[in-house]
Amino acid sequence: MIPAPSGATRLYVIVGDPIAQVRSPAGVTAAFAARGHDGILVPVQVAPADLPDFLSVATRLKNLDGIVVTIPHKFACYQACASATERAHFLRTANLMRRRADGSWHGDMVDGLGFVGAARAKGIDPRGMRALLVGAGGAGSAIALALIEAGVSALAIHDGAPERRDALIGRLNGLGRTPARVGTLDPAGLDFVANATPAGMKEGDPLPVDVARLAPSAYCGCVITKPEVSPFIAAARRIGCVTGTGTDMYEQHQGIIVDFLLGRDGEG
(Lines give C-alpha, C1' and ligand atoms only; values in the text may rest on other atoms or scores of the structure.)
Protein backbone atom coordinates (compact mmCIF):
# COMPACT_ATOMS: atom_id res chain seq x y z
CA MET A 1 0.00 0.00 0.00
CA ILE A 2 1.29 3.46 -0.94
CA PRO A 3 1.34 5.79 2.10
CA ALA A 4 -0.43 9.15 1.83
CA PRO A 5 1.94 12.02 0.93
CA SER A 6 2.97 14.36 3.72
CA GLY A 7 5.10 17.44 4.05
CA ALA A 8 8.14 15.18 4.30
CA THR A 9 7.41 13.37 1.01
CA ARG A 10 10.16 13.84 -1.59
CA LEU A 11 8.91 15.09 -4.92
CA TYR A 12 9.80 13.81 -8.41
CA VAL A 13 8.19 14.96 -11.67
CA ILE A 14 7.89 13.60 -15.18
CA VAL A 15 7.90 16.43 -17.71
CA GLY A 16 6.67 16.31 -21.29
CA ASP A 17 4.33 17.78 -23.88
CA PRO A 18 1.97 15.94 -24.23
CA ILE A 19 1.99 14.11 -20.90
CA ALA A 20 -1.34 12.24 -20.62
CA GLN A 21 0.15 9.15 -22.29
CA VAL A 22 2.80 8.41 -19.66
CA ARG A 23 2.48 5.32 -17.48
CA SER A 24 5.31 5.89 -15.01
CA PRO A 25 3.77 8.00 -12.18
CA ALA A 26 1.86 5.13 -10.55
CA GLY A 27 4.54 2.51 -11.13
CA VAL A 28 7.47 4.60 -9.92
CA THR A 29 5.54 5.85 -6.88
CA ALA A 30 4.67 2.25 -5.96
CA ALA A 31 8.30 1.22 -6.46
CA PHE A 32 9.44 4.00 -4.12
CA ALA A 33 7.05 2.68 -1.46
CA ALA A 34 8.24 -0.90 -1.98
CA ARG A 35 11.79 0.28 -1.28
CA GLY A 36 10.79 2.19 1.81
CA HIS A 37 11.28 5.60 0.20
CA ASP A 38 8.76 8.37 0.92
CA GLY A 39 8.52 9.80 -2.61
CA ILE A 40 5.95 10.49 -5.31
CA LEU A 41 6.24 10.97 -9.08
CA VAL A 42 3.75 13.40 -10.63
CA PRO A 43 3.24 14.44 -14.28
CA VAL A 44 3.72 18.02 -15.44
CA GLN A 45 2.97 19.26 -18.96
CA VAL A 46 5.42 21.93 -20.10
CA ALA A 47 5.64 23.39 -23.61
CA PRO A 48 9.13 23.58 -25.17
CA ALA A 49 9.12 27.38 -25.01
CA ASP A 50 8.46 27.21 -21.26
CA LEU A 51 11.03 24.54 -20.42
CA PRO A 52 13.86 26.94 -19.45
CA ASP A 53 11.55 28.70 -16.97
CA PHE A 54 10.36 25.34 -15.61
CA LEU A 55 13.91 24.09 -15.08
CA SER A 56 14.90 27.35 -13.43
CA VAL A 57 12.08 26.95 -10.91
CA ALA A 58 12.64 23.20 -10.52
CA THR A 59 16.26 23.77 -9.56
CA ARG A 60 15.12 26.01 -6.71
CA LEU A 61 12.50 23.61 -5.30
CA LYS A 62 14.17 22.20 -2.20
CA ASN A 63 12.02 19.06 -1.98
CA LEU A 64 12.32 18.13 -5.69
CA ASP A 65 14.89 15.35 -6.00
CA GLY A 66 14.51 14.12 -9.57
CA ILE A 67 13.00 14.61 -13.02
CA VAL A 68 11.93 12.00 -15.57
CA VAL A 69 11.91 13.43 -19.09
CA THR A 70 9.74 12.49 -22.05
CA ILE A 71 9.04 13.97 -25.49
CA PRO A 72 10.07 16.54 -26.64
CA HIS A 73 12.46 17.66 -23.88
CA LYS A 74 15.26 15.06 -23.77
CA PHE A 75 17.87 17.03 -25.68
CA ALA A 76 17.15 20.29 -23.83
CA CYS A 77 17.21 18.59 -20.44
CA TYR A 78 20.62 17.09 -21.17
CA GLN A 79 21.89 20.62 -21.67
CA ALA A 80 20.60 21.49 -18.19
CA CYS A 81 22.67 18.75 -16.51
CA ALA A 82 25.90 19.67 -14.76
CA SER A 83 27.09 16.06 -15.08
CA ALA A 84 25.87 12.92 -16.83
CA THR A 85 26.69 9.29 -17.54
CA GLU A 86 28.94 8.40 -20.47
CA ARG A 87 25.87 7.09 -22.29
CA ALA A 88 24.03 10.41 -21.94
CA HIS A 89 27.13 12.37 -22.97
CA PHE A 90 27.52 10.25 -26.10
CA LEU A 91 23.85 10.66 -27.03
CA ARG A 92 23.65 14.32 -25.87
CA THR A 93 20.25 13.57 -24.45
CA ALA A 94 18.77 12.68 -21.06
CA ASN A 95 15.53 11.13 -19.86
CA LEU A 96 16.50 11.10 -16.18
CA MET A 97 17.82 13.86 -13.94
CA ARG A 98 18.86 13.41 -10.31
CA ARG A 99 19.65 16.16 -7.83
CA ARG A 100 23.35 16.36 -6.96
CA ALA A 101 24.64 17.30 -3.52
CA ASP A 102 25.40 20.83 -4.77
CA GLY A 103 21.83 21.28 -6.03
CA SER A 104 22.57 20.84 -9.73
CA TRP A 105 21.47 17.92 -11.94
CA HIS A 106 23.08 14.61 -12.97
CA GLY A 107 21.60 12.97 -16.08
CA ASP A 108 21.26 9.59 -17.77
CA MET A 109 19.48 8.16 -20.81
CA VAL A 110 18.02 4.67 -20.37
CA ASP A 111 15.35 4.39 -23.09
CA GLY A 112 17.56 2.05 -25.10
CA LEU A 113 18.02 -0.32 -22.17
CA GLY A 114 14.26 -0.62 -21.75
CA PHE A 115 13.64 -1.16 -25.47
CA VAL A 116 16.22 -3.92 -25.86
CA GLY A 117 15.13 -5.41 -22.54
CA ALA A 118 11.57 -5.68 -23.85
CA ALA A 119 12.79 -7.61 -26.89
CA ARG A 120 14.82 -9.98 -24.73
CA ALA A 121 11.81 -10.53 -22.47
CA LYS A 122 9.99 -11.81 -25.57
CA GLY A 123 12.83 -14.22 -26.32
CA ILE A 124 14.46 -12.03 -28.97
CA ASP A 125 18.24 -11.55 -28.86
CA PRO A 126 19.24 -8.70 -31.20
CA ARG A 127 22.78 -10.06 -31.60
CA GLY A 128 23.50 -10.72 -35.27
CA MET A 129 20.19 -9.23 -36.46
CA ARG A 130 19.78 -6.68 -39.24
CA ALA A 131 17.90 -3.77 -37.69
CA LEU A 132 15.86 -0.81 -38.90
CA LEU A 133 15.25 2.12 -36.57
CA VAL A 134 12.66 4.76 -37.46
CA GLY A 135 13.22 7.95 -35.48
CA ALA A 136 16.51 9.57 -34.49
CA GLY A 137 15.24 11.74 -31.65
CA GLY A 138 16.00 11.26 -27.96
CA ALA A 139 14.53 7.78 -27.58
CA GLY A 140 15.65 6.72 -31.06
CA SER A 141 19.25 7.75 -30.40
CA ALA A 142 19.28 5.71 -27.19
CA ILE A 143 17.76 2.69 -28.93
CA ALA A 144 20.33 2.93 -31.72
CA LEU A 145 23.21 2.85 -29.24
CA ALA A 146 21.63 -0.01 -27.29
CA LEU A 147 21.17 -2.06 -30.48
CA ILE A 148 24.81 -1.59 -31.41
CA GLU A 149 25.88 -2.53 -27.89
CA ALA A 150 23.61 -5.60 -28.15
CA GLY A 151 25.54 -6.72 -31.24
CA VAL A 152 23.23 -6.21 -34.21
CA SER A 153 25.05 -6.97 -37.47
CA ALA A 154 23.69 -3.94 -39.32
CA LEU A 155 21.67 -0.84 -38.42
CA ALA A 156 19.67 1.31 -40.83
CA ILE A 157 18.21 4.57 -39.52
CA HIS A 158 15.36 6.59 -41.02
CA ASP A 159 14.20 9.99 -39.80
CA GLY A 160 12.16 12.78 -41.33
CA ALA A 161 14.92 15.22 -40.38
CA PRO A 162 17.96 14.16 -42.47
CA GLU A 163 20.40 16.34 -40.53
CA ARG A 164 19.41 14.71 -37.25
CA ARG A 165 19.61 11.23 -38.80
CA ASP A 166 23.02 11.90 -40.33
CA ALA A 167 24.42 13.35 -37.11
CA LEU A 168 23.38 10.21 -35.22
CA ILE A 169 24.82 7.92 -37.89
CA GLY A 170 28.09 9.82 -37.76
CA ARG A 171 28.37 9.50 -33.98
CA LEU A 172 27.53 5.79 -34.07
CA ASN A 173 30.04 5.05 -36.81
CA GLY A 174 32.67 6.85 -34.75
CA LEU A 175 32.43 3.93 -32.29
CA GLY A 176 34.02 1.63 -34.86
CA ARG A 177 31.52 -1.14 -34.17
CA THR A 178 28.42 -2.12 -36.14
CA PRO A 179 28.11 0.17 -39.18
CA ALA A 180 25.07 2.45 -39.26
CA ARG A 181 23.62 3.68 -42.55
CA VAL A 182 20.69 5.65 -43.94
CA GLY A 183 17.50 3.58 -43.94
CA THR A 184 14.10 3.84 -45.60
CA LEU A 185 10.54 2.97 -44.63
CA ASP A 186 10.96 -0.42 -46.34
CA PRO A 187 11.63 -3.17 -43.74
CA ALA A 188 12.09 -5.95 -46.31
CA GLY A 189 14.99 -8.26 -45.46
CA LEU A 190 15.37 -6.91 -41.91
CA ASP A 191 15.05 -8.90 -38.68
CA PHE A 192 14.41 -6.18 -36.09
CA VAL A 193 12.21 -3.11 -36.70
CA ALA A 194 11.99 -0.35 -34.09
CA ASN A 195 9.55 2.56 -34.14
CA ALA A 196 10.89 5.42 -32.02
CA THR A 197 8.54 8.07 -33.42
CA PRO A 198 5.15 9.32 -32.16
CA ALA A 199 3.48 7.90 -35.30
CA GLY A 200 0.36 6.14 -34.05
CA MET A 201 -0.38 8.29 -31.00
CA LYS A 202 -2.98 10.26 -32.95
CA GLU A 203 -5.80 8.77 -34.98
CA GLY A 204 -4.99 8.91 -38.67
CA ASP A 205 -1.20 8.93 -38.22
CA PRO A 206 0.65 7.10 -41.01
CA LEU A 207 2.35 3.84 -40.11
CA PRO A 208 6.08 4.26 -39.43
CA VAL A 209 7.08 1.58 -42.00
CA ASP A 210 5.57 -0.23 -44.97
CA VAL A 211 4.09 -3.11 -42.97
CA ALA A 212 3.24 -5.05 -46.14
CA ARG A 213 7.00 -5.56 -46.54
CA LEU A 214 7.53 -6.99 -43.05
CA ALA A 215 8.64 -10.59 -42.74
CA PRO A 216 6.61 -12.66 -40.23
CA SER A 217 9.92 -13.61 -38.60
CA ALA A 218 10.81 -9.97 -37.86
CA TYR A 219 10.63 -8.55 -34.33
CA CYS A 220 8.74 -5.26 -34.16
CA GLY A 221 9.02 -2.89 -31.22
CA CYS A 222 7.39 0.47 -30.53
CA VAL A 223 7.93 3.22 -27.96
CA ILE A 224 4.29 4.38 -27.88
CA THR A 225 2.38 3.72 -24.64
CA LYS A 226 -0.98 5.25 -25.62
CA PRO A 227 -2.68 3.53 -27.30
CA GLU A 228 -1.15 0.54 -25.57
CA VAL A 229 -1.18 -1.41 -28.85
CA SER A 230 -0.16 1.08 -31.53
CA PRO A 231 -1.43 0.64 -35.10
CA PHE A 232 2.08 -0.46 -36.12
CA ILE A 233 2.17 -3.18 -33.47
CA ALA A 234 -1.37 -4.29 -34.34
CA ALA A 235 -0.39 -4.60 -38.01
CA ALA A 236 2.79 -6.50 -37.16
CA ARG A 237 0.83 -8.95 -34.99
CA ARG A 238 -1.58 -9.63 -37.86
CA ILE A 239 1.42 -10.64 -39.98
CA GLY A 240 2.67 -12.94 -37.22
CA CYS A 241 5.60 -10.92 -35.90
CA VAL A 242 6.75 -11.08 -32.29
CA THR A 243 6.16 -7.58 -30.88
CA GLY A 244 7.03 -5.32 -27.99
CA THR A 245 4.94 -2.31 -26.95
CA GLY A 246 5.90 0.92 -25.25
CA THR A 247 4.41 -0.50 -22.06
CA ASP A 248 6.67 -3.57 -22.38
CA MET A 249 9.59 -1.16 -22.73
CA TYR A 250 8.55 0.82 -19.66
CA GLU A 251 8.12 -2.31 -17.55
CA GLN A 252 11.68 -3.33 -18.39
CA HIS A 253 13.25 -0.08 -17.31
CA GLN A 254 11.12 0.98 -14.36
CA GLY A 255 13.65 -0.55 -11.97
CA ILE A 256 16.48 1.25 -13.76
CA ILE A 257 14.62 4.55 -13.40
CA VAL A 258 14.03 4.05 -9.68
CA ASP A 259 17.63 2.99 -9.04
CA PHE A 260 18.85 6.14 -10.77
CA LEU A 261 16.48 8.51 -8.99
CA LEU A 262 17.46 7.05 -5.62
CA GLY A 263 21.17 7.17 -6.43
CA ARG A 264 21.53 3.39 -6.35
CA ASP A 265 22.92 3.04 -9.87
CA GLY A 266 26.56 3.53 -8.90
CA GLU A 267 26.86 6.69 -11.03
CA GLY A 268 27.38 10.33 -10.26
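Structural data are supplied above this passage.
Predicted, not measured: the structure shown is a model, and the values here were computed from it.

**Q** Even after reading the chapter, I still don't get the packing of aromatic side chains, so can you show me in this structure?
**A** Centre distance and the angle of the planes are the two values used to describe a pair of aromatic rings. The full count for this structure, using the stated rule, is three aromatic pairs. Here Tyr-12 and Phe-32 contribute two aromatic rings whose centre-to-centre distance is 4.7 Å and whose plane-to-plane angle is 40°, an arrangement assigned as tilted. Of this pair, Tyr-12 sits in strand S1 (residues 10-16) while Phe-32 sits in helix H1 (residues 24-34), and the two are 20 residues apart along the sequence. Overall, the relative accessible area of 0% leaves Phe-32 in the buried class. Arranged with centres 4.9 Å apart and planes meeting at 45°, the rings of Phe-192 and Tyr-219 form a pair that is tilted.

**Q** Looking at this structure, how should I read the sheet that holds strand S4 (residues 83-84)?
**A** Within a beta sheet, neighbouring strands are joined by backbone hydrogen bonds and run either parallel or antiparallel to one another. As summarised here, the arrangement of the six strands in space is S2-S1-S3-S5-S6-S4, forming an open sheet in which the pairing is mixed. Looking at strand neighbours, the two that pair on one side only are strand S2 (39-45) and S4, the edges of this open sheet. Bridge count for S1 against strand S3 (residues 64-69) is five bridges, and the pairing is parallel. Across the sheet, residue Leu-11 finds its bridge partner in S3, namely Leu-64.

**Q** How should the sheet that holds strand S8 (residues 154-158) be read in this particular structure?
**A** Strand order in the open sheet formed by six strands is S9-S8-S7-S10-S11-S12, with parallel pairing between adjacent strands. Only two strands of the sheet have a single partner each, and these edge strands are strand S9 (180-182) and strand S12 (242-244). Mean inter-strand twist for the sheet, computed between neighbouring axes without regard to direction, equals 20°. Relative to S9, S8 runs parallel, the two sharing three bridges. Counted as the bridge partner of Ile-157 is Val-182 from S9. Together, strand S10 (192-195), strand S11 (219-222) and S12 form the strand contacts of helix H8 (residues 231-239), whose direction differs from that of S11 by roughly 165°.

**Q** I tried to follow the nonpolar core on my own but got confused; where do I start?
**A** Here is a general trend for soluble globular proteins: nonpolar side chains tend to be buried in one another's company. Judged by nonpolar contacts, the single largest core of 28 residues is most densely connected at Leu-133, Ile-143, Leu-147, Leu-155, Ile-157, Leu-172 and Phe-192. Counting residues per element, the ones that place at least two in this core are helix H5 (111-121), strand S7 (130-134), helix H6 (138-150), S8, helix H7 (162-173) and S10. Ranked by residue count, the leading element in this core is H6, at six residues. Residue contacts for Leu-147: discarding those within four places in its chain leaves Val-116, Pro-126, Ala-131, Val-152, Leu-155 and Phe-192. In this structure, Val-22, Leu-41, Val-110 and Phe-260 belong to the second largest nonpolar core, which totals 17 residues.

**Q** Would you explain the pairing of S7 in this entry?
**A** Two faces make up the sheet, and in a regular strand the side chains alternate between them. In terms of residue burial, S7 counts as a mostly covered element, since four of its five residues are buried. Strand direction decides the pairing type here: S7 and S8, joined by five bridges, are parallel. When the bridges of S8 are listed, Arg-130 appears paired with Ala-154. For the crossover that starts at S7, traverses H6 and ends in the parallel S8, the hand is right-handed. In terms of strand pairing, S7 meets S10 through four bridges, oriented parallel. Bridging across to S10, Val-134 finds its partner in Asn-195.

**Q** Could you clarify how one ought to interpret helix H2 (residues 51-60) in this entry?
**A** The complete set of buried residues in H2 reads Leu-51, Phe-54, Leu-55 and Ala-58. The arc that holds every buried residue of H2, seen down its axis, measures 95°, which confines them to one face. Facing away from the buried side of H2, by more than 90 degrees, are the exposed residues Pro-52, Asp-53 and Arg-60. The inward-facing, buried residues of H2 abut S1, S2, S3, helix H3 (74-79), strand S5 (96-99) and strand S6 (105-108).

The rules behind these values
Residues numbered from 1 in each chain as written. Predicted model: local features only at pLDDT ≥ 70, side-chain atom pairs only at ≥ 80, totals over all residues. Heavy atoms only, no water. Phe/Tyr/Trp six-rings, centres within 6.5 Å; stacked < 30°, edge-to-face > 60°. Helix = DSSP H or I, 4+ residues; strand = E, 2+ residues; numbered from the N terminus. Buried < 20%, exposed > 50% of the residue type's maximum accessible area, 1.4 Å probe, protein only. Pairing = 2+ DSSP bridges. Axes fitted to C-alpha atoms, helices over the stretch in contact; angles between N-to-C directions. Contact = heavy atoms within 4.5 Å. Core = buried A, V, L, I, M, F, W, Y, C linked by side-chain atoms within 4.5 Å. Right-handed = clockwise from strand over helix to strand, strands pointing away. Arc of directions from axis to C-beta.

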